[in-house]
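# Structure assessment
Residue-level listing of the chains:
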Amino acid sequence: MNAAVAEGVTDELRRRTLPRLFSPVEWQLALPLALFLIAFFVAPLIGLAVVSLYCEPNFQTLGLVQYRRLFGDSFNLGIVADTLWLGAKATLLCLVFGYPLAWVCARAGPRLRSLLLFIVVLPILTSVVVRTFAWIVILGRQGLFNRTLLALGLSDAPIDLLFTEPGVIIVLAQVQMPLMVLPLLTSLQRIDPNLADASAALGAGEWRTFRRVILPLSLPGIAAGCTLVYAACATAFITQTLIGGARHLYMPLFLYQQASGANDWPFAAALAIVFMAAVLLVVLLLSLLGRARTARIYA
Amino acid sequence: MSNSGFSRRHLIGTGLALGTWAAMPRLARAADMLVAATFPGTWNDAHKAVLVPYFHKATGADATLTIMLATDEIAKLSAAKGSAPPFDVAIMDEGPLLDGLDQGLFDKFPVAKSRHYGELLPVFQDEWGPKISIQAIGIGYNPKKIKIPPTKWDDLFNPAYKGRVGLTALNSTLGMAFMVDLARVNGGGESNIEPAFTALKKLLPNVGAISANLGAHAALFQQEQIDIAPYNFNFVQTLKAKGVDVEFARLETGVPAWRTSLHTVKGAQKPDLALAYIDGHIDPEIQAAMSKPPYDVIPTNSKVPLPPEAVRLIAPSQADLSKLVYFDWRKINQGRSAWIEQFNREIKI
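Definitions and cut-offs
- Residues numbered from 1 in each chain as written.
- Chains lettered and ligands numbered in written order.
- Predicted model: local features only at pLDDT ≥ 70, side-chain atom pairs only at ≥ 80, totals over all residues.
- Heavy atoms only, no water.
- Helix = DSSP H or I, 4+ residues; strand = E, 2+ residues; numbered from the N terminus.
- Rg over C-alpha atoms; globule rule 2.2 N^0.38 Å.
- Buried < 20%, exposed > 50% of the residue type's maximum accessible area, 1.4 Å probe, protein only.
- Contact = heavy atoms within 4.5 Å.
- Buried area = accessible area lost by both parts, 1.4 Å probe.
- Salt bridge = Lys/Arg side-chain N within 4 Å of Asp/Glu carboxyl O.
- Polar contact = N/O pair within 3.5 Å; in protein donor to acceptor, adjacent residues only side chain to side chain.
- Nonpolar A, V, L, I, M, F, W, Y, C, P; charged D, E, K, R; others polar.
- Axes fitted to C-alpha atoms, helices over the stretch in contact; angles between N-to-C directions.
- Parallel < 35°, antiparallel > 145°, perpendicular 65-115°, else oblique.
- Core = buried A, V, L, I, M, F, W, Y, C linked by side-chain atoms within 4.5 Å.

With that settled, the discussion passes to the overall build of chain B. Helix and strand counts for chain B stand at 12 helices and 10 strands. Its C-alpha atoms give chain B a radius of gyration of 23 Å, within 12% of the compact-globule value 20 Å for 349 residues. For chain B, the spread of C-alpha atoms along the three principal axes comes to 80 × 55 × 40 Å. Of all 349 residues assigned to chain B, the portion counted as buried reaches 56%.

Another aspect to go through is the interface of chain A and chain B. The interface is formed by 31 residues belonging to chain A together with 33 residues belonging to chain B. Summed over both partners, the interface of chain A with chain B buries about 2,700 Å², with 55% contributed by carbon and sulfur atoms. It is Phe75, Phe163 and Arg247 of chain A that lose the most area in chain A upon contact with chain B, and together they represent 26% of the buried surface on that side. At the junction of chain A with chain B, the criterion picks out 3 salt bridges. Between the two partners, chain A and chain B, sit 11 residue pairs in polar contact (both at pLDDT 80 or more). Looking at the side of chain A that touches chain B element by element, the count peaks at 7 residues for helix 15 (residues 251-261) of chain A. Residues of the side of chain A that touches chain B, tallied by class, amount to 16 nonpolar, 9 polar and 6 charged.

Now for the environment of proline 57 of chain A. Mapping proline 57 of chain A onto the fold places it in the loop between helix 3 (31-51) and helix 4 (65-71). Non-local contacts of proline 57 of chain A, meaning those with residues more than four positions away in its chain, are made with Asn263, Asp264 and Pro266 of chain A.

Attention shifts here to the packing of helix 5 (residues 173-185) of chain B against helix 12 (residues 329-347) of chain B. Residues and elements named next belong to chain B. Contact geometry for helix 5 and helix 12: axes closest at 11 Å, N-to-C directions at 95 degrees. Between helix 5 and helix 12, the interaxial angle falls into the category roughly perpendicular. Contacts between helix 5 and helix 12 pair Thr173, Met176, Ala177, Met179 and Val180 from the former with Trp329, Ile332, Arg336, Trp339 and Phe343 from the latter.

Here we take up the nonpolar core. Met179, Tyr277, Ile314 and Leu321 of chain B are the most contacted members of the largest nonpolar core, which has 180 residues in total. Among the elements that make up this core, the one with the highest residue count is helix 5 (residues 74-107) of chain A (11 residues). If we skip the residues at most four places from it in the chain, leucine 321 of chain B touches Phe124, Ile134, Ile298, Leu306, Ile314, Ala315 and Tyr326 of chain B.

As structure tokens, then:
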């Protein structure tokens, strides 16, 4: 009897706390997508892992040779580290420029906001290749940037930006900007403007209000934006190779060289697996950071 | 669901409409369409402007060009082995061609059905696919910045060109041929690449940029990011015709060259169209059109004379083409992956 009552109570609780979004029938609606993902994402991923376990480029014996080769060479590990670090720098730059932009968008009137949003989203509507080539024209020695610099007398000689890491970081930050601004905007819009007023009424200056109220409340947006931008920057084959050239070797180009130029699929597969794990780890840390801070604030 | 104003019939109707729409490209493709691989630069330009229209007139079919380096073609074809290949006609340089033949990626060229195969000079006949041209390399330079035309690789080392030299990665035949020839003039060759790496180390202070892919090499000259670089004869001619300040300089130490060929991919969807396309490329009419500026493609059909610029810069006559510097690509292929790795280590900043 008691058990039955308890069951009834938990049922009731469950009904109230977990709105039943999905009845068993509706769960099945997700099946086509699940099957699709299993067939076209999980299965190839397993295939990739299997390829990485071959010892020779012509698939003779199984073993961990490729992973030993990867981890046994500081050159390879250096490329992994360079790539992860590149992603971090580009993400940080993107955040520094994206946050004020999102702030302005959030505070603007509805008309100005839709105009700003349109401008922010505009780059997504053009191909990454086109955007990157445009940057070649801007950053080159005879490019817009250097000509302006020389014409204004700010520099005596053109500054090298094309084929340098700072160039790659600048372009990545611009190219991936919408991925940063949109989640930030969403979380900034959710913040009740009264909170800032309350903070001011209690004597906090603007900087303090931002640091103690707005910034912590926008952390989920920062974490989401950084996650998206980081994953996109670290793996941006086109931008990295076109702006960085072959002397800045990051994982996507390295992978491509091993698969296409050197025809060494097992090593390329091992590189892909390790790189994917490394990027996933960083992304996981980022999302943990976002969650941990918000949990503390709301508690 | 009923209150959402979204009936099941509605949903199914939309789904069907979307399905039909998605199937449309397949239907359009079913009406004769050939997919042919082409190289960036001159080749893409010439194929689009000359060969594809001719092919359309001759067969009534359309051809889609897809731009890829030969090594990329091999990678894609070997990945697609056993299923429908991503393109029907491959364009190959000598090194990747050997890889492709080893992996059984191509069909033999139906010589008996070809109208123009017999007109090719004997050195350009190949049962696996006719050679459509010779690609020669030398030095591309900006005549506005460099007044004395360079004559040998050694000229790239001139301290005056600090930061002004461009190179390209080893995934292209240009990059690979440059390294092998650099080894050759320094006492090495296909079996001994070390002299090239020794020279490369000395060259690095002069190197302003190394393009990761050949397509971006042109942008280096266009944006005046560099003034001097190893480059293909045809690419320089095409770039010059587009108004870029660039000239081709012939190497006194010998002109490195390789043969470029077209092949029917094994399992091609339209082998007959592939034959028509490839045969079109060795048709004297097409080769004559492609030998004109801005392409200056070196012909392989005995009925077509060498273009004047090729006579001036590459070889005085067709018979002299055999005196260019050719490499043993079998040996180069054996070293390829180790050289790419060494190149990465030497050049990385």
